[in-house]
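# Working through the structure, step by step
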Amino acid sequence: MSTRTARLLLMFAACFLFIIAAAPAADAATQTNPLQSYWNRYYGGKVVKQRVTIPSRPATVPPPVNPVPPADAGQQDTSRLSVDEKLMFDLVNQERAKNGLAGLALDMRLVELARLKSQDMYQNSYFSHTSPTYGTAYDMERKAGITARVMGAENIAKAATTQRAHELFMNSTGHRANILNPQHDTIGIGIFKTQNGVVVTQLFTGN
């Protein structure tokens, strides 16, 4: 073998070894953090590897959880509610039962606040979630000393009858969402009767 041929073979072998050493091993379980080069540049440090899980097959959707059985509204003390307030309380919990949700508990503190809000809207001739007298529903609840994880949700309506007010709530996306919100577990309903119908306020909280 000539000297030139031997040199060429040696050069080829060296290049082959360099290629093998420079190519990182393919690891399906890890990859280099893309921010590592920035970190190393300014702070130094070793290469940090971030573990990535690659599923062998598509993840399956877990089976649906059985809905919470609705509370029996008949077991709650509704004796301090007016006839119209009791009707709306029952209608609300019937809607929640249809959707597999627990019934809302009655809180007389919220009932009193809801009554004040309905009366205030009628007497001061406005229709708004912000009262010129009491502020927002959240303001009213805080001033009354009510604390809960979820506070401030309110539904208001003016209608000829309580049944019609309930239908208006259920046909409105935002109002319906308050009634069927799984984070809500307590309600107060205040209905002020007028010569033209009813003014309704619903207040919701959740723990």
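Residues numbered from 1 in each chain as written. Predicted model: local features only at pLDDT ≥ 70, side-chain atom pairs only at ≥ 80, totals over all residues. Heavy atoms only, no water.

## Some thoughts on the environment of Phe127
Mapped onto the secondary structure, Phe127 falls in the loop between helix H4 (108-123) and helix H5 (137-143). Once the C-alpha coordinates of Phe127 and Ala157 are considered, the two residues, 30 residues apart in sequence, prove to be 8.3 Å apart. The contact partners of Phe127, leaving out residues within four places of it in the chain, are Met121, Ile156, Ala157 and Lys158. (Helix = DSSP H or I, 4+ residues; strand = E, 2+ residues; numbered from the N terminus. Contact = heavy atoms within 4.5 Å.)

## Observations regarding the confidence of the model for the protein chain
Averaged over every residue, the pLDDT of the protein chain is 78; residues scoring 70 or more account for 64%. Low confidence marks residues 15-74, where pLDDT is under 50. Its contacts with residues over four positions away, or in another chain, come to 35 contacts. (pLDDT = per-residue confidence, 0-100.)

## Concerning the pairing of strand E4 (residues 150-159)
Most of E4 is tucked away, with eight of its 10 residues classed as buried. Note: E4 against strand E6 (residues 197-206), eight bridges, orientation antiparallel. In the sheet register, Ala153 faces E6, and the bridge partner there is Phe204. (Buried < 20%, exposed > 50% of the residue type's maximum accessible area, 1.4 Å probe, protein only. Pairing = 2+ DSSP bridges.)

## What to know about the side chain of Thr186
Checked against the element boundaries, Thr186 lands in strand E5 (residues 186-194). Look at Thr186 and you get buried, because its relative accessible area is 11%. For Thr186, the side chain forms a polar contact with the side chain of Asp185, separated by 2.8 Å. For Thr186, the residues in contact, after removing those within four places along its chain, are Leu104, Ala105, Asp107, Leu110, Leu203, Phe204 and Thr205. (Polar contact = N/O pair within 3.5 Å; in protein donor to acceptor, adjacent residues only side chain to side chain.)

## Some words on the nonpolar core
Of all hydrophobic cores here, the largest spans 23 residues; its most connected members are Met88, Ile179, Ile187 and Val200. Formed by seven residues, the second largest nonpolar core is a distinct cluster that contains Leu110, Leu113, Ala137 and Met140. (Core = buried A, V, L, I, M, F, W, Y, C linked by side-chain atoms within 4.5 Å.)

## Comments concerning H4
Taking 1.5 Å as the rise per residue, H4 with 16 residues should run 22 Å; its terminal C-alpha atoms sit 22 Å apart, in good agreement. Residues of H4 that are buried: Met108, Leu110, Val111, Leu113, Ala114, Lys117, Ser118, Asp120 and Met121. Looking at the buried residues of H4, the elements they touch are strand E3 (105-106), H5, E4, E5 and E6. Put simply, Asp107 is the residue that caps the front of H4, since its side-chain oxygen is 2.9 Å from the backbone nitrogen of Arg109. With its phi angle positive at about 50°, Ser125 sits one or two positions after the end of H4. (Expected span 1.5 Å × (residues − 1).)

## Considerations on unusual backbone geometry
The backbone phi angle of Ser125 is positive, close to 50°, even though this residue is not glycine. Among the structural elements, Ser125 can be located in the loop between H4 and H5.

## Remarks on the pattern of salt bridges
Across all of its chains, the model carries eight salt bridges by this definition. Asp107 serves as the salt-bridge partner of Arg109, at 2.9 Å between the closest nitrogen and oxygen. One salt bridge in this structure joins Glu167 and Arg164, with 3.3 Å as the shortest N-O distance. Pair noted here: Glu167 and Arg164 are both in helix H6 (residues 162-170), with a separation of three residues, about one helical turn. (Salt bridge = Lys/Arg side-chain N within 4 Å of Asp/Glu carboxyl O.)

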